[in-house]
Amino acid sequence: MTQPSTPVRDADPATAPPTNLTSDPRGSHPSETTAISMRSLNGWYGSNQVLHALDLEIAAKQVCSFIGPSGCGKSTLLRWINRMNDTIPSARASGTLSLHGIDLLDRTLDVVDLRRRVGMVFQKPNPFPKSIFDNVAFGPRLHRTYSPTDLEELIEQSLRASALWNEVKDRLDSSALGLSGGQQQRLCIARAIAIGPEVLLMDEPCSALDPRSTASIEELIRELRATYTIIIVTHNMQQASRVSDTTAFFYEGRLIESGATDVLFTNPKNRQTEDYVTGRFG
Amino acid sequence: MAAGVISTSRRMLSNRVFLWSCLAATMIAILLLSVLMVSIAIEGWSSISWRFLDSFASRKPAQAGIKAPLLGSLWVCAICGLAAIPMGIGTAIYLEEFAKRSRLKRFIQLNISNLSGVPSIVYGILALAAFVRFFGLACADEPWTLGDPESLFFIQFPFGPSVLAGGLTLALVILPIMIIASQEAFRAVPPSLRQGALALGSTPWQVVRLVTLPAAMPTIMTGAILAMSRAIGEAAPLLVIGGFLLVFQTPTNLMSDFTVLPLQIFNWAGRPQADFHKLAAAAIIVQLVVLISFNSVAIIIRQKLQRPLQS
């Protein structure tokens, strides 16, 4: 696969990952390094424990799928990685969860900075009621000032990277709400990558889309893999097997099995995994 | 089986009855309004003239006009809006976007709901003590003044029965409505927009400034229209703080004496001479025109703000 350039981050040294990390995600063996790791991670909403002693390592610059029946804790786990759970007062967690050695459960962690490094795409496309241009420019404008030409360049690169540029280049000033569902979701992906994150979290990004839009998003995920660490929550077994390098199967808040996607789907070690991936339950 | 079945014709009948009762309810409101408008128009139309708009009060009905109350109403409303709208929006932002669920928040919320039901004359009594007299605490005997009484920037403490005190009084009256309307507007903004902005690394204030406030603004403007419409029609609290019934000048600064249209109407309508009743009707027509133009301006602003939101 050809490696698309990463102008978003290269254009600005200030947004590059700090050098004092334990491992450099852009090292010589990117696929070897661990981006996210968790050790006996427990999570609660109020008194209800939704994550049970999770141990998992997620490699940098790969696509990892989280699969499992509804309510198994996949989305909760995802929302701990960029601390979106902070918006839920009753959410708490114990154990360790780290991104390149940074403790993500640290109460004093700068979540604004974390979310600049960990982008998120939601289940339902949620473009802002603004123009297409302003949607993509929203994140970059939060974090630094740009000259108009730099900003336009960044917007074009982000829209190209999310395979939307050709469809919207003539109407960047029209409202994002006029786009189709699939276009809106690709716009949300463009918006997320415009701030140059290291990790992209996708929470069932195709569940509200038709098959054709789904195909284009999946194609996009395969292309983005060269640049970003991607974690995708999905209910669609075929989708997981099509787009991901590794897969983790969750059931009732526990990690049942994880590993290379082709192994997990063709030769699962665990009986529950086999039942789930072959469609016998869930 | 058959015992439980309600025939289609019977259901259609109750459907029609319901429809007609709803229509009748609507018609009663419209009918009453039309009767009011028509009777006012018949009585007051002949008195409307440029001279009527451009003259001060007089003992002779033929020479009396509404220059002072008309400009007084505009001054008071402008001050009221400048005070109440930002305060209402600010309170709503705090309660909806920042305050955590706590006993304090519930207490504030309960009191705002209660305050919106307090009769406006009670606010007049509060404002008389607070704004007009500063609770008798400061400069009670001799007002402390700042600036030239003739200039626009003249201020005195306490405010006395001035146009500033009047505007702030009405601000108190409409503040609860303004807060509740703004809160509803913020609640109507989809949470997914907040989440999207947060996930891009916005601070909570950036989320409000860039996403929720712009999205809530059209609805807030609607609330502001309703609140201001109520303010412009208030007479009782201004009567309590000492709004004057006969004023022979227009406001020149925040400390000017003032009267407003509802006070003038109240004054004229209470007189025995029929000619003054005609003037009252004419003043009511002017009041309605002012109200309608207020609302139209606000609707235009709202639509301007709404346009970028639509596809």
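Calculation criteria
Think of each chain on its own: its residues are numbered from 1, step by step along the sequence as written. Chain labels run from A onward and ligand labels from 1 onward, assigned in the order the entries are written. With pLDDT at 70 or above as the cut-off, local features in this predicted model cover only qualifying residues; side-chain atom pairs require 80 or more to be listed or tallied, and sums for whole chains, interfaces and linings still use all residues. With hydrogens and water stripped out, all remaining heavy atoms of the structure feed into the side-chain values. Strands here mean DSSP runs of E at least two residues long; helices mean DSSP runs of H or I at least four residues long; both are numbered from the N terminus. For every residue, the accessible area obtained with a 1.4 Å probe (protein chains only) is divided by the maximum for its type, and the residue is called buried under 20%, exposed over 50%, and partly exposed between those limits. Contacts are assigned to residue pairs that have any heavy atoms within 4.5 Å of one another. Summed over both partners, the accessible surface that disappears when two parts come together, traced with a 1.4 Å probe, is what is meant by buried area. Salt bridges are identified by distance alone: a Lys or Arg side-chain nitrogen within 4 Å of an Asp or Glu carboxyl oxygen. Two N or O atoms count as a polar contact when they lie within 3.5 Å, although within protein this holds only if one can serve as hydrogen donor and the other as acceptor, and sequence-adjacent residues are included solely when both atoms are side-chain atoms. Note: two strands are recorded as paired if DSSP finds a minimum of 2 bridges between them. Note on geometry: axes are lines fitted to C-alpha atoms, helical ones only across the stretch in contact, with angles between N-to-C directions running from 0 to 180 degrees. Source of the domain bounds: an automatic or database domain assignment. Side-chain classes follow a simple rule in which Ala, Val, Leu, Ile, Met, Phe, Trp, Tyr, Cys and Pro form the nonpolar group, Asp, Glu, Lys and Arg form the charged group, and the remainder, Gly included, forms the polar group. Patch definition: residues above 30% relative accessible area lacking any salt bridge, with like charges linked at up to 9 Å and the nonpolar side chains Val, Leu, Ile, Met, Phe, Trp and Tyr linked at up to 5 Å. Exposure was quantified through the Shrake-Rupley algorithm and a 1.4 Å probe, taking into account, for residues, occlusion by the shown protein chains and nothing else. Stacked, edge-to-face and tilted labels apply to pairs of Phe, Tyr and Trp rings (six-membered ring for Trp) whose centres lie within 6.5 Å, assigned for plane angles under 30 degrees, over 60, and everything in between, in that order. Whether a charge lies above a ring is judged from NZ of Lys or CZ of Arg, which has to be within 6 Å of the ring centre and within 35 degrees of the ring normal.

1. Some words on the overall build of chain B
Thought 1: Each helix and strand in chain B was counted, giving 11 helices and two strands.
Thought 2: The N-to-C order of helical and strand elements in chain B reads α-α-α-α-α-β-β-α-α-α-α-α-α.
Thought 3: Projecting the C-alpha coordinates of chain B onto the three principal axes gives extents of approximately 80 × 55 × 40 Å.
Thought 4: Expressed as a percentage of its 311 residues, the buried residues of chain B come to 41%.

2. Looking at the interface of chain B and chain A
A common way to express how large an interface is: the accessible area buried when the components associate.
Thought 1: Taken residue by residue, the interface counts 18 residues in chain B and 24 residues in chain A.
Thought 2: In total, about 1,800 Å² of surface goes out of reach between chain B and chain A, with carbon and sulfur atoms giving 67% of it.
Thought 3: For the chain B face of the interface with chain A, the top three residues by lost area are Gln195(B), Ala199(B) and Leu200(B), together amounting to 35%.
Thought 4: Along the contact surface separating chain B from chain A lie zero salt bridges.
Thought 5: Here chain B is connected to chain A by four residue pairs in polar contact (both at pLDDT 80 or more).
Thought 6: Counting only elements with at least two residues in the side of chain B that touches chain A, the list comes to helix 7 (191-199) and helix 8 (204-232) of chain B.

3. Details of the sheet that holds strand 7 (residues 199-203) of chain A
Sheets are built from strands that pair by backbone hydrogen bonding, the pairs being arranged parallel or antiparallel.
Residue and element names in this part refer to chain A.
Thought 1: In spatial order, the strands read 6-7-8-3-9-10; together these six strands make up an open sheet with mixed pairing. In the strand order of this sheet, the two ends are held by strand 6 (118-121) and strand 10 (254-260), each with one partner. Going from strand to strand, the sheet's axes swing by 15° on average, the running direction of each strand aside.
Thought 2: Alignment of strand 6 against strand 7, held across four bridges, turns out to be parallel. The partner of valine 121 across the bridge, within strand 7, is methionine 202.
Thought 3: With respect to the sheet, helix 7 (residues 181-193) is in contact with strand 6 and strand 7, its orientation differing from that of strand 6 by roughly 170°.

4. A look at the pattern of salt bridges
Thought 1: Counted according to the given criterion, the structure contains 17 salt bridges over all chains.
Thought 2: A salt bridge links Asp86(A) to Arg83(A); its shortest N-O distance comes to 2.9 Å.
Thought 3: Look at Arg83(A) and you get buried, because its relative accessible area is 6%.
Thought 4: We note a salt bridge from Arg187(B) to Glu184(B), for which the minimum N-O separation is 3.4 Å. Placement of both Arg187(B) and Glu184(B) in helix 6 (residues 163-187) is noted, with a separation of three residues, approximately one turn of the helix.
Thought 5: Looking at Arg187(B), the relative accessible area reads 44%, which means it is partly exposed.
Thought 6: Because the salt bridges share partners, they merge into one network encompassing Arg39(A), Asp55(A) and Glu57(A).

5. Comments concerning the domain arrangement of chain B
Residue and element names in this part refer to chain B.
Thought 1: Examined at the domain level, chain B breaks down into domain 1 (9-47) and domain 2 (51-305).
Thought 2: The gap between the C-alpha centroids of domain 1 and domain 2 is 31 Å.
Thought 3: Of the residues lining the interface, seven residues belong to domain 1; the matching set on domain 2 comes to nine residues.
Thought 4: Between domain 1 and domain 2 lies a buried interface of about 670 Å² when both sides are counted; carbon and sulfur atoms form 77% of it.
Thought 5: Considering only the surface of domain 1 that becomes buried against domain 2, Ile40, Glu43 and Ser47 emerge as the three largest contributors, covering 67% of it.
Thought 6: Where domain 1 meets domain 2, there are zero residue pairs in polar contact (both at pLDDT 80 or more).
Thought 7: Of the residues in the side of domain 1 that touches domain 2, the class split is four nonpolar, two polar and one charged.

6. Details of a nonpolar patch on the surface
Residues and elements named next belong to chain B.
Thought 1: A surface patch of nonpolar side chains, about 550 Å² in accessible area, is lined by Leu19, Trp20, Leu23, Met27 and Ile30.
Thought 2: You can see isoleucine 30 is positioned in helix 1 (residues 8-44).
Thought 3: With relative accessibility at 45%, the residue isoleucine 30 sits in the partly exposed group.

7. Re the packing of aromatic side chains
Thought 1: The tally for this structure, following the rule as stated, stands at five aromatic pairs over all chains.
Thought 2: Centroid distance Phe128(A) to Phe138(A): 4.4 Å. Interplanar angle 40°. Geometry classified as tilted. Pair noted here: Phe128(A) is in the loop between strand 6 and helix 4 (132-143) and Phe138(A) is in helix 4, with a separation of 10 residues, a long-range link.
Thought 3: What makes Phe138(A) buried here is its relative accessible area of 5%.
Thought 4: An angle of 35° between the planes, with centres 6.1 Å apart, marks the rings of Phe52(B) and Trp268(B) as tilted. Taken as a pair, Phe52(B) in helix 2 (residues 50-53) and Trp268(B) in helix 10 (residues 261-269) lie far apart in primary sequence, 216 residues in all.
Thought 5: Among the residues examined, Trp268(B) registers a relative accessible area of 1% and is labelled buried.
Thought 6: When the ring centre of Phe276(B) is taken as origin, the NZ or CZ atom of Arg271(B), which lies over that ring, is 4.4 Å away.

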